[in-house]
Amino acid sequence: MEKHNCLKLWYQEPAGYNEWLHALPVGNGKMGGMVYGRTWKDVIQLNEDTVWQRGPIDRNNPDSYKYLPEVRKLLMEGRVQEAQDLAELTMFGIPNRQPCYQTLGDLNLLFMGHYQGLVENYYRELDLETAIVKVNYQIKGIKYQREIFAATTEQVIVVRITADKPGMISLGTNLFRKFDAVTEMISDDKQAIYGSCGINGSKFFGLLKLLNEGGTLKTAGDHIIVEKADLVTLYITAATDFRSKNYRQKSEEQLQRALNKPYNELKQEHIKEHQELFKRVSFTLNDLDDSMSSLPTNKRLEQLKKSGEDPGLIMLYYQYGRYLLITSSRPGSMPANLQGIWNQSMTPAWDSKYTININTEMNYWPAEVGNLSECHYPLFDLIDSMLENGRRTARVHYGCQGFVAHHNTDLWGDTAPLDNVFCGLWPLGAAWLCYHLWEHYEYNQNLQFLKERAYPVMIEAAKFLLDFMIEDENGILLCGPSLSPENQYYDAEGLRSGLCMSPVMDTMIIKGLFQRCIKAADILNIEETFCLLLEKAIIKLPEIKIGKRGQLQEWMEDYEEVNPGHRHLSHLFGLFPDSQITPEETPELAAAACKSLDLRLKHGGGRTGWSCAWLIVLWARLYESERAYECVQKLLRESTEYNLFDMHPPQGSNTKNVFQIDGNLGATAAISEMLLQSHNGEIKLLPALPVAWKSGSITGLKARGGFEIEIYWQEGRLKEAKILSLAGKDCTICCKYPLQVTTIDEVIEVDDNIFEKISFKTEKGSSYIITEQV
């Protein structure tokens, strides 16, 4: 076995009976599977991305607008508790909840005679490069193998079972769902599962088809049974009524398309299609420790948690994040939710929805820089589906024009507020999502996308905010009622509070959105009058303040936090994902952001994987390479499961840690940011390279402005970078020591107190070699 391959997760035992977090994920955007790899009774837990409880309903609350002025008045008078009580009673959606994402069910496999006590030479792997899970073992001298993958073009999960001698495969298999489903035999080799997620939830239909070479086939009870076969292949498809009224026929068509191709052709097409995305980026750290890389992934993680370094595991974890995005978010699918696409529960933590006050956005931080722009499109589709709902919520809840969304949405693009005043009454969700539309343009320079898709939605979000904000007695534009997700403070009475006017995150999001709208309008040469309104509004926004502890102030008043180590880092939005705060241009605010991070960590911050991932990227933006690296290590040691899933602390004291994919995807983006940054018109090479990554390379990363980058470094210094211009834009390269472009003569050198800079013009399709100046 290839146990030293840096692109494989591998193990010497199967996942335990209740160890979902030890199973291995496969997916094609719409369908996902978690492969346990057990030898006797095995399970592949199944998901389809539109299996959601309850259907679309209008939750907008017409009473909200009646009470909006009074809630604002109470907040501005400092009567926070009264404002919170009134808002809790009057300003939330009806009902005050959204539906949850649910499991489709399980594929059960019982291998006759394959008891664990008889098994030898067990080996299980997930190959990130092929997106195939393999399970190998030996019983009584017979070698068995399974291959499992999720083909994207045919939307089918495939399980191939072989043995090295004929007539040795005997198994029973069925589809199973604990609630709200019926299993039905279609024929001796075909089974259906169908039902709905509660009374008004998604209606689903799944199919299992078994093809055998050799042996006999029969049904018994709810199982398809094959005995003494030479080879068995299983195909699983599923569809719901969300995409098609003829969802049963859709599932049948998907199955038939897969069956029309020989297995090897289907497998090779799957590998080729996956690799077209996955192989765009390579990441190598040199000087690997063979004693670590020769260990199974779970043992390797255990060893890292005890002590030491393992750069090879960081390489694997980085590419695992890209793998998870590729397999959970593809054109035509739903976007990656809180668990990507892999959820085993009927009632998952936080409903496995789209939490748009950080988690959904973090899922897509690696999409553009990681050269996976296509994987970003499901998020854009969700934004489109939210638009009309958000217009209605803006009118009904706030009496405003434009497009608004709050801290959660669902399969149907719900935009009304939910939960409570400590997290739910936050009207900036739509505005933050608009940043992703702009980012896609920034990285790809696609004017058609900007004109037809991004700018119209950005303007809708900006219109709402212009209408929603009110001036105080000093002429300052205030946004509220709102909150700083999801932090709380002690008000003037010393009571726990969340609701407020204009937390700094809101101000930063609004300023950044308005600036992007103005820039987009300038590029497209439209909307001059509206842009003048945005420019005037920017001037009236509250100033960003530094608090008494030297920290970036989270609220307009310098309140004490209820939880000083809170997982959310909302007030640092201007440092990342935006770039309003930089060490070069706003050194005092950057120092205050650094102090805020120190205070969070001093009080135990970064305990969740996604929060730790945000810490990494924030330290990277401050060029604090060693502190960023410490957080990479912390994330792996404290927030990572055996299958490298990111973990989040439980909702209650009686539950285990739960999987959230945002930590995986956020960490991949953060590691990219340590090696390459591109904002405010500059591309920075190796801005936060830690000492531990002394030599290595990363190729295929994307940079804003339409560039693709290769970086090679040795002994902690740049050896060479290759800049491929995809759009013919001017390029400014920054590094911590003098550079030269070896393929062009006309270079402008720019002085800077932190970086050395060179600027030059580029031609579309041309490459430019950057080296250290000698």
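Residues numbered from 1 in each chain as written. Predicted model: local features only at pLDDT ≥ 70, side-chain atom pairs only at ≥ 80, totals over all residues. Heavy atoms only, no water.

Caption draft 1: Broad picture of the sheet that holds strand S22 (residues 489–490). A sheet is described by the order of its strands in space; here three strands give the open sequence S23-S22-S24, paired in antiparallel fashion. Looking at which strands have only one partner, the edges of the open sheet turn out to be strand S23 (496–497) and strand S24 (560–561). Looking at chain direction, S22 and S23 are connected through two bridges and run antiparallel. Paired with Tyr 489 across the bridge in S23 is Ser 497. (Pairing = 2+ DSSP bridges. Helix = DSSP H or I, 4+ residues; strand = E, 2+ residues; numbered from the N terminus.)

Caption draft 2: Representation of the side chain of Arg 600. Mapped onto the secondary structure, Arg 600 falls in helix H15 (residues 587–602). Here Arg 600 is in contact with Asn 487, Glu 554, Glu 561, Pro 564, Gly 565, His 566, His 568, Leu 569, His 571 and Gly 605, once residues within four sequence places are set aside. (Contact = heavy atoms within 4.5 Å.)

Caption draft 3: Molecular detail of the state of the cysteines. Throughout the structure, instances matching the rule amount to zero disulfides. Note on Cys 434: no disulfide assigned, nearest cysteine sulfur contributed by Cys 517 at a separation of 7.2 Å. Accessibility expressed as a relative area gives 1% for Cys 434, which makes it buried. Here Cys 734 is not cross-linked by a disulfide; its sulfur's nearest cysteine counterpart is in Cys 735, at 8.7 Å. (Disulfide = S-S within 2.5 Å. Buried < 20%, exposed > 50% of the residue type's maximum accessible area, 1.4 Å probe, protein only.)

Caption draft 4: Quick peek at the environment of Leu 739. Of note, Leu 739 is situated in strand S33 (residues 739–741). Exposure remark for Leu 739: the relative accessible area of 3% places this residue in the buried category. Residues Leu 739 and Gly 113, spaced 626 residues apart in sequence, show a C-alpha to C-alpha distance of 66 Å. In this view, Leu 739 contacts Leu 718, Ile 733, Cys 734, Ile 758, Ile 770, Thr 771, Glu 772 and Gln 773; residues no more than four positions away in its chain are not counted.

Caption draft 5: Local environment of the packing of helix H13 (residues 504–524) against helix H14 (residues 528–540). At their nearest, the axes of H13 and H14 sit 10 Å apart, and the two run at 150° to each other. As judged from the angle between their axes, H13 and H14 are roughly antiparallel. In terms of crossing hand, the pair formed by H13 and H14 is left-handed. Taking contact as the criterion, the partners of Lys 511, Phe 514, Gln 515, Cys 517, Ile 518 and Ala 521 in H13 are, on H14, Cys 531, Leu 534, Glu 535, Ala 537 and Ile 538. A breakdown of the residues in the contact of H13 with H14 according to their chemical character gives eight nonpolar, one polar and two charged. (Axes fitted to C-alpha atoms, helices over the stretch in contact; angles between N-to-C directions. Parallel < 35°, antiparallel > 145°, perpendicular 65-115°, else oblique. Left-handed = near helix turned anticlockwise from the far one by under 90°. Nonpolar A, V, L, I, M, F, W, Y, C, P; charged D, E, K, R; others polar.)

Caption draft 6: Up close: helix H10 (residues 377–398). For H10, built from 22 residues, the straight-helix expectation of 32 Å at 1.5 Å per residue is met to within 8% by its first-to-last C-alpha distance of 30 Å. Downstream of H10 by one or two residues, Gly 399 has phi in the positive range, about 65°. (Expected span 1.5 Å × (residues − 1).)

Caption draft 7: Spotlight on the sheet that holds strand S7 (residues 132–139). The nine strands lie next to each other as S1-S6-S7-S8-S9-S16-S13-S12-S11, forming an open sheet whose pairing is antiparallel. Here the strands that pair on one side only, and so sit at the sheet edges, are strand S1 (8–11) and strand S11 (181–187). Averaged over all adjacent pairs, the angle separating strand axes in this sheet is 15°, with direction ignored. Relative to strand S9 (residues 156–163), strand S8 (residues 142–151) runs antiparallel, the two sharing eight bridges. Counted as the bridge partner of Arg 146 is Ile 161 from S9.

Caption draft 8: Representation of the packing of helix H12 (residues 447–468) against H14 within the structure. Running from N to C, H12 and H14 point in directions that differ by 50°, and their axes come no closer than 11 Å. Between H12 and H14, the angle falls in the class oblique. As for how H12 packs across H14, the hand of that crossing is left-handed. Facing H12, whose interface residues are Ile 459, Ala 462, Lys 463 and Leu 466, H14 presents Phe 530, Leu 533, Leu 534 and Ala 537. Considering only residue class, the contact of H12 with H14 consists of seven nonpolar, no polar and one charged.

Caption draft 9: Region of the structure containing the packing of aromatic side chains. What the rule picks out here adds up to 35 aromatic pairs. An angle of 25° between the planes, with centres 6.2 Å apart, marks the rings of Tyr 194 and Phe 205 as stacked. Taken as a pair, Tyr 194 in strand S12 (residues 190–196) and Phe 205 in strand S13 (residues 203–213) lie far apart in primary sequence, 11 residues in all. You can call Tyr 194 buried: its relative accessible area is 18%. Aromatic rings pair up to connect Trp 20, Tyr 320, Tyr 323, Trp 342, Phe 645 and Phe 659 into one cluster. Directly above the ring of Trp 40 sits Lys 41, whose terminal nitrogen or CZ lies 5.3 Å from the centroid. (Phe/Tyr/Trp six-rings, centres within 6.5 Å; stacked < 30°, edge-to-face > 60°. Lys NZ or Arg CZ within 6 Å of the ring centre and 35° of its normal.)

Caption draft 10: Local environment of the pairing of strand S2 (residues 24–27). Across the two faces of S2 the burial is the same, with Leu 24 and Val 26 and Pro 25 and Gly 27 all buried. Summarising the sheet, S2 and strand S3 (residues 31–35) pair through four bridges and their orientation is antiparallel. Of the residues in S3, the one forming a bridge with Val 26 is Gly 33. The turn joining S2 and S3, which pair antiparallel and follow one another in sequence, is formed by three residues; a positive phi near 95° is taken by Gly 29.

Caption draft 11: Local environment of the pattern of salt bridges. What the rule picks out here adds up to 42 salt bridges. Between Arg 243 and Glu 48 there is a salt bridge whose closest N-O contact spans 3.4 Å. Here Glu 48 lies in strand S4 (residues 41–48) and Arg 243 lies in the loop between strand S16 (231–240) and helix H3 (247–259), a separation of 195 residues in the sequence. Here Arg 280 makes a salt bridge to Glu 374, at a shortest N to O gap of 2.6 Å. (Salt bridge = Lys/Arg side-chain N within 4 Å of Asp/Glu carboxyl O.)

Caption draft 12: Spatial organisation of the side chain of Arg 72. Relative to the assigned elements, Arg 72 resides in helix H1 (residues 64–76). From its side chain, Arg 72 meets the backbone oxygen of Gly 480 in a polar contact 2.7 Å long. In contact with Arg 72, not counting residues within four places along its chain, are Phe 468, Ile 470, Gly 480, Pro 481 and Met 501. (Polar contact = N/O pair within 3.5 Å; in protein donor to acceptor, adjacent residues only side chain to side chain.)

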